[in-house]
Number of protein chains: 2
Amino acid sequence: MGYEEEIFTVLKTHHLRLTKTRKALIEVFFRYEVPLSAQDISRELSKIQRAVNKTTVYRELERLREIGIIGAVQLGDRKQYYELALRRHHHHLICLRCAVVEDIDMDERALLGQEKRIQGEKHFTILRHSLEFFGLCKMCS
Amino acid sequence: MGYEEEIFTVLKTHHLRLTKTRKALIEVFFRYEVPLSAQDISRELSKIQRAVNKTTVYRELERLREIGIIGAVQLGDRKQYYELALRRHHHHLICLRCAVVEDIDMDERALLGQEKRIQGEKHFTILRHSLEFFGLCKMCS
DNA sequence: TGACAAACGCAACTCAGTTGCGTTAGAGTA
DNA sequence: TACTCTAACGCAACTGAGTTGCGTTTGTCA
Ligand SMILES: [Mn+2]
Ligand SMILES: [Mn+2]
Ligand SMILES: [Zn+2]
Ligand SMILES: [Zn+2]
């Protein structure tokens, strides 16, 4: 079963319908590898003649996040960004000048070790972490 | 020279005056070890009979950030938080249920190694990183 | 094909932060 | 101490991201 089919199965188990809007919105995430904001989504849907009200976009993003299809990312400005949660865990490089975003894979074994230590010391259950790198991209530095 | 005096010297070199408001605002940061929002600052200033207009708070926070006295932190909600930049580099544990925030120190040697590798591979100049841990605190888990 | 809940659009709203502009007040100088 | 210059301040109006309530439409399943 491909990723898209898997997603549609997840929707079904949550009694979420496969509307044209929802399908188009999920496809937007498949077409971009960078985190997208509500406005990004709106713009992309308009481009393909599937314009929707912004309330729908926000509600949809929240629903997809709740059921784990997308995940929220914070890139340092006041917006929420989202990306497909099925991508393997990774972090981002964010250019402070041109705002370009790049996915970054890294060996997190040391980090997971630290998490384990912190959980023990602080009696805090760590569920997730956010790690983003800010700086200047090739073009801007 | 103590920290406060050092800060006041920095202000002077940037031609920033030592107003009652600015002094009180900086002292608020010294009294709390957790990141503070503009509203937190406003509330604390009101408590000590030094209430100021919110525009002043926002402008002041931005100025202090520009000259490096405070640094911005993002804790997952839509607000900006700030803390004294003179604190040694550290990260945070954030409880997803009660929102309590705790400073966390960790060995970042492995992380700095990864940064070096990324800089080389991606031709991206990393200037800073944000690393926050989300989960459930002792009381909430 | 009918019923029912999910999805949708719209307008009005909230909340964090910003802008323009006129007034007030530190701080260096006379 | 008074003078001057500009940083700092308050206020009102605004912006932009996201939210809410509610009435209407549409998918899905029987
Ligand atoms: Mn990504
Ligand atoms: Mn801290
Ligand atoms: Zn760049
Ligand atoms: Zn808690």
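This text follows the structure it describes.
Residues numbered from 1 in each chain as written. Chains lettered and ligands numbered in written order. Predicted model: local features only at pLDDT ≥ 70, side-chain atom pairs only at ≥ 80, totals over all residues. Heavy atoms only, no water.

A. Main features of unusual backbone geometry. Residues and elements named next belong to chain B. Notably, Ala-99 is not glycine yet its phi reads approximately 70°, a positive angle. Position of Ala-99 among the secondary structure elements: in the loop between β4 (91–95) and β5 (101–104). Judged by relative accessible area, Ala-99 falls into the exposed class, the value being 53%. The phi dihedral of His-123 is positive, around 55°, even though this residue is not glycine. If you trace the backbone, His-123 turns up in the loop between α5 (109–122) and β6 (125–136). When its relative accessible area of 45% is taken as the criterion, His-123 is described as partly exposed. (Helix = DSSP H or I, 4+ residues; strand = E, 2+ residues; numbered from the N terminus. Buried < 20%, exposed > 50% of the residue type's maximum accessible area, 1.4 Å probe, protein only.)

B. Expanded view of the packing of helix α3 (residues 38–47) of chain B against helix α4 (residues 54–66) of chain B. Residue and element names in this part refer to chain B. Packing of α3 against α4 brings their axes to within 10 Å, and their N-to-C directions diverge by 120°. α3 and α4 meet at a crossing whose hand is right-handed. Here Ala-38, Gln-39, Ile-41 and Ser-42 of α3 lie close against α4, whose contacting residues are Val-57, Tyr-58 and Leu-61. Looking at side-chain class alone, the contact of α3 with α4 contains 5 nonpolar, 2 polar and no charged residues. (Axes fitted to C-alpha atoms, helices over the stretch in contact; angles between N-to-C directions. Left-handed = near helix turned anticlockwise from the far one by under 90°. Contact = heavy atoms within 4.5 Å. Nonpolar A, V, L, I, M, F, W, Y, C, P; charged D, E, K, R; others polar.)

C. Up close: the sheet that holds strand β5 (residues 125–136) of chain A. A sheet is described by the order of its strands in space; here 6 strands give the open sequence β4(A)-β3(A)-β5(A)-β6(B)-β4(B)-β5(B), paired in mixed fashion. Either end of the sheet is taken by a strand with one partner, and the two such strands are β4 (101–104) of chain A together with β5 of chain B. Each adjacent strand pair in this sheet contributes to an overall mean axis angle of 25°, direction not counted. Taken together, the 4 bridges between strand β3 (residues 91–95) of chain A and β5(A) define a ladder with parallel strand orientation. In the sheet register, A:Leu93 faces β5(A), and the bridge partner there is A:Phe133. Running over the sheet, helix α5 (residues 109–122) of chain A touches β5 of chain A together with β4, β5 and β6 of chain B and is turned about 135° from β5(A). Where α5(B) meets the sheet, its contacts fall on β3, β4 and β5 of chain A together with β6 of chain B, and the angle it forms with β6(B) comes to roughly 135°. (Pairing = 2+ DSSP bridges.)

D. Region of the structure containing the relation of the copies chain B and chain A. Of the transformation superimposing chain B on chain A, the axial component is 0.0 Å and the angular component is 180°, with the fit at an RMSD of 0.1 Å. Such values leave the two copies arranged in the relation of a two-fold axis. Residues of chain B ranked by C-alpha distance from the rotation axis are headed by B:Leu131, positioned 2.2 Å from it. (Least-squares fit on C-alpha atoms with pLDDT ≥ 70 in both.)

Just distances and angles here, no functional claims.
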